[in-house]
Amino acid sequence: MINIGDFGRLGGVSLRMLRHYDEMGLLRPAEVDQWTGRRRYHLDQLGDLHRIVTLKTLGFTLQQVGEMLHDGFDTAQLRGMLRMRRADFERQSQDARHRIAQIDARLALIERETGRSDPPVVVKQVESIRLAALTSVVADDEDFGAAVEELFIKACDLMNSAGWSRTSPISWYVPAAADAVRIYTGFAAPAETPGLTSVDLPAANVASVIHHGPMMQDIGAANVALARWADANGHTGEQRRRSIFLEATGDDQHNWVVEVQLELPPQR
């Protein structure tokens, strides 16, 4: 057995909390000296301490924790709850990153009001993204926009069925065969989604342009601005592109905000 100080250090909690858990009947010491009142614990009680702290972290009150432990709450159940909580935080984190990108896009649109003819190109580093997507190869002479829209509609239904957030729609365009592009269209999702393929978009340096309005109106200006920038900066040849739909709710596209990204070669 070990004293309360060593037990608290091993478990990462204060002596005050250990005494509180004792008073509530959540975690009794293995032994209390009848003369000094000093508490001592078995090492195997660390498992109980970890369960208490974890359940508190998940948002349960100490009364609820006591009831759960009394009912025989086991490690397998705790592991499952932690995984669910982790998935919740993943979704919240993804949503937060999307909101930040929306703010950056709005700032870029405000800057554009200075009257420049071409939308400004911004070079930045983007994080890797796990995408739950549908994919298709589209030839240059096919209706590109219609293909993307069809994939999005199907992906939406599958995301809804899985209960995942749809706040981060993304399309990734990868050169395939000659005169064709492979499209990956879907949503940022931290876990496997039935019916959708998990695709990892790598972290990359990108040249970025913000488009505001309907996709069929002036989206070409964003692509032209990127093409001109790439040519002026020596980035020639086929390249991967991304469309991040920052604000794309409803059928009326006049308020849509889309970030068009051109992936750049790694810096040497």
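Look up a bit, the structure's there.
Just so you know, these numbers come straight off a predicted model, no measurement behind them. (Residues numbered from 1 in each chain as written. Predicted model: local features only at pLDDT ≥ 70, side-chain atom pairs only at ≥ 80, totals over all residues. Heavy atoms only, no water.)

Some details on the pattern of salt bridges
- Inspection of the entire model under this criterion finds nine salt bridges.
- Its salt-bridge partner being D6, residue R9 comes within 2.4 Å of it at the nearest N-O pair. With a gap of three residues between them, R9 and D6 both fall in helix α1 (residues 4-11), about one helical turn apart.
- According to the relative accessible area criterion, R9 is exposed, its value standing at 61%.
- Across the pair K124 and E259 runs a salt bridge whose closest N-O atoms are separated by 2.7 Å. Here E259 lies in strand β11 (residues 257-263) and K124 lies in strand β4 (residues 122-126), a separation of 135 residues in the sequence.
- Since its relative accessible area comes to 28%, K124 is described here as partly exposed.
- Residues joined in a network through salt bridges with shared partners are D22, R28 and R39. (Salt bridge = Lys/Arg side-chain N within 4 Å of Asp/Glu carboxyl O. Helix = DSSP H or I, 4+ residues; strand = E, 2+ residues; numbered from the N terminus. Buried < 20%, exposed > 50% of the residue type's maximum accessible area, 1.4 Å probe, protein only.)

Comments concerning the sheet that holds strand β9 (residues 204-212)
- The sheet built from eight strands is open, its strands ordered β4-β9-β11-β10-β6-β7-β5-β8 with antiparallel pairing. Two strands lie at the open edges of the sheet, namely β4 and β8 (197-201), each paired on one side alone. Between one strand axis and the next, the sheet turns through 35° on average, direction left out of account.
- Relative to strand β7 (residues 180-188), strand β6 (residues 169-175) is paired through seven bridges, and the arrangement is antiparallel. Looking across to β7, one finds that Y173 is bridged to I183.
- Across the sheet, helix α7 (residues 219-232) is in contact with β4, β9, β10 (241-247) and β11; its angle to β9 comes to roughly 145°. (Pairing = 2+ DSSP bridges. Axes fitted to C-alpha atoms, helices over the stretch in contact; angles between N-to-C directions. Contact = heavy atoms within 4.5 Å.)

Focus: the sheet that holds strand β2 (residues 31-32)
- If you trace the three strands from one edge of the open sheet to the other, you get β1-β3-β2, paired in antiparallel fashion. The sheet terminates laterally at β1 (2-3) and β2, the two strands that pair on one side only.
- Across two bridges, the pairing between β2 and strand β3 (residues 39-41) is antiparallel. Its bridge partner lying in β3, E31 is registered against R40.

Examining the pairing of β6
- Within β6, six of the seven residues are buried, which leaves the element mostly enclosed by the surrounding structure.
- Hairpin connection, β6 to β7: the antiparallel pair is bridged by four residues, and D179 has positive phi, about 60°.
- Across four bridges, the pairing between β6 and β10 is antiparallel. Residue pairing across strands places I170 opposite I244, the latter belonging to β10.

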